[in-house]
Amino acid sequence: MDRIEAMRVFVAALDAGSLAGAGRRLGRSPAAVSRAIAFLENYVGTPLLHRTTRTMRLSEAGERYAAACRRVLTDLEEADMLAAGESAAPRGLLSLSGPIVSGARILRPILDAYLDTQPAVKARLLLLDRKLNLVEEGIDVALRIGHLPDSSLIAIRVGEVRQVICAAPSYLARHPAIKDPNDVGAHRIVAMTVFGEDAWSFAPTEGDPDTRHVPIAPRLIVNTVEAAVGSAVEGYGLTRAFSYQVADEVRAGKLDIVLPDAESPALPVHIVTPEGRLSVPKVRAFVDFAVPRLKAEFARMAELKRKPATARTPPSSR
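Peer 1: Hey, could you run me through unusual backbone geometry in this one?
Peer 2: Backbone phi values are negative for most residues with the exception of glycine, while trans is the configuration of most peptide bonds. One non-glycine residue, Leu-259, lies in positive phi territory at about 55°. Tracing the sequence through the fold places Leu-259 in the loop between strand 13 (256-258) and strand 14 (267-273). Classification of Leu-259 as buried rests on a relative accessible area of 9%.

And the structure:
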């Protein structure tokens, strides 16, 4: 059996999550997929997968070998595309990654629209709130929020996002006004683990160049955006999120942003791709398609209304 073809089968099985899934994707029987993987295991002299009737997971050696296979297959595809020259049409599997919420709400619709224009391209979108090694994971393009470390990745800035504090209008109407970050301590807090469980940071003031850290005592701590935003919309308390994570709720009047003048500095948003991948037609075509649309979307997020808090001090009990 051809080793490169066996590598393709191995990677397809990993992407599909099962031998049967790889068989459907490649038009082969599960037995043929199993033989290809067995061929590789015999060739390298060690098990690559631990398989049962219901599960399949990589061995320690399999994890290293899978990363190497992805690099080899990516390099081969790039070599083919370069040999074909500028006239080559976008085709093949485009692999992307992004954060869970922004990937689903912003990147995914743009990818859908791109696929409509490129019938010879298929896509794999991995949404994870952790940064993947693009080369080892065979990722062509990634959406990254935050400051980028120095690396060989090619980065194109497409916008920025703010960290905002918000609450339901009904909650704000029933509780003391929030005019200063220190007022936050008197309110019920729905904290997300990613933004801190003990304190929230705020922008420096003219008289103090240091970032301000205000202690919080959350009544509820969650690890997902959906849970935090849902509780805030229901009037449970204040929460902190990225602007794009609450954009729909703010526009619908379900949440109001408070303390807009005390927000921490905005974080940049980039599209990144491994060095050399932009020469591949499917990657270049997607980047050219996505960048202006991402810039427009994040610009729209930047205009998210910063409605002043209308909270009032509740009347004293009678």
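Peer 1: Can you help me understand the side chain of Asp-140 in this one?
Peer 2: Mapped onto the fold, Asp-140 is located in the loop between helix 6 (134-137) and strand 5 (141-145). Its relative accessible area of 2% is what places Asp-140 among the buried residues. Only 2.5 Å separates the side chain of Asp-140 from the side chain of Arg-277, close enough to count as a polar contact. In this structure Asp-140 touches Leu-93, Leu-94, Ser-95, Val-272, Thr-273, Pro-274, Arg-277, Lys-282 and Val-283, once residues within four positions along its chain are discounted.

Peer 1: What am I meant to see in the packing of aromatic side chains here?
Peer 2: Here a ring pair, both rings aromatic, is described through the centre-centre distance and the interplanar angle of the planes. Using the criterion set out here, one finds six aromatic pairs in the structure. Here Phe-39 and Tyr-43 contribute two aromatic rings whose centre-to-centre distance is 6.5 Å and whose plane-to-plane angle is 35°, an arrangement assigned as tilted. Placement of both Phe-39 and Tyr-43 in helix 3 (residues 30-44) is noted, with a separation of four residues, approximately one turn of the helix. Relative accessible area serves as the criterion here: at 25%, Phe-39 is assigned to the partly exposed category. Three or more aromatic residues joined by ring pairs form one cluster here, namely Tyr-114, Phe-286 and Phe-289. Its guanidinium or amino end placed over the ring of Tyr-236, Arg-188 lies 4.4 Å from that ring's centre, counting from NZ or CZ. The ring centre of Phe-202 lies 5.0 Å from the NZ or CZ of Arg-240, which sits over that ring.

Peer 1: Sorry if this is basic, but what is going on with the sheet that holds strand 7 (residues 163-167) here?
Peer 2: Either a parallel or an antiparallel arrangement is found when strands of a sheet pair, and the pairing is made through backbone hydrogen bonds. Spatial strand order, 11-8-12-7-13: five strands in an open sheet with mixed pairing. With one partner strand each, in any of the chains shown, strand 11 (220-222) and strand 13 form the two edges of the open sheet. Neighbour-to-neighbour, the strand axes of this sheet turn through a mean angle of 35°, independent of strand direction. Pairing between strand 8 (residues 189-192) and strand 11: three bridges, direction parallel. The residue bridging Met-192 from the neighbouring strand is Val-222, located in strand 11. Lying on the sheet, helix 8 (residues 225-233) is in contact with strand 8, strand 11 and strand 12 (238-242); it crosses strand 8 at an angle near 170°.

The rules behind each value
- Residues numbered from 1 in each chain as written.
- Predicted model: local features only at pLDDT ≥ 70, side-chain atom pairs only at ≥ 80, totals over all residues.
- Heavy atoms only, no water.
- Helix = DSSP H or I, 4+ residues; strand = E, 2+ residues; numbered from the N terminus.
- Buried < 20%, exposed > 50% of the residue type's maximum accessible area, 1.4 Å probe, protein only.
- Polar contact = N/O pair within 3.5 Å; in protein donor to acceptor, adjacent residues only side chain to side chain.
- Contact = heavy atoms within 4.5 Å.
- Phe/Tyr/Trp six-rings, centres within 6.5 Å; stacked < 30°, edge-to-face > 60°.
- Lys NZ or Arg CZ within 6 Å of the ring centre and 35° of its normal.
- Pairing = 2+ DSSP bridges.
- Axes fitted to C-alpha atoms, helices over the stretch in contact; angles between N-to-C directions.

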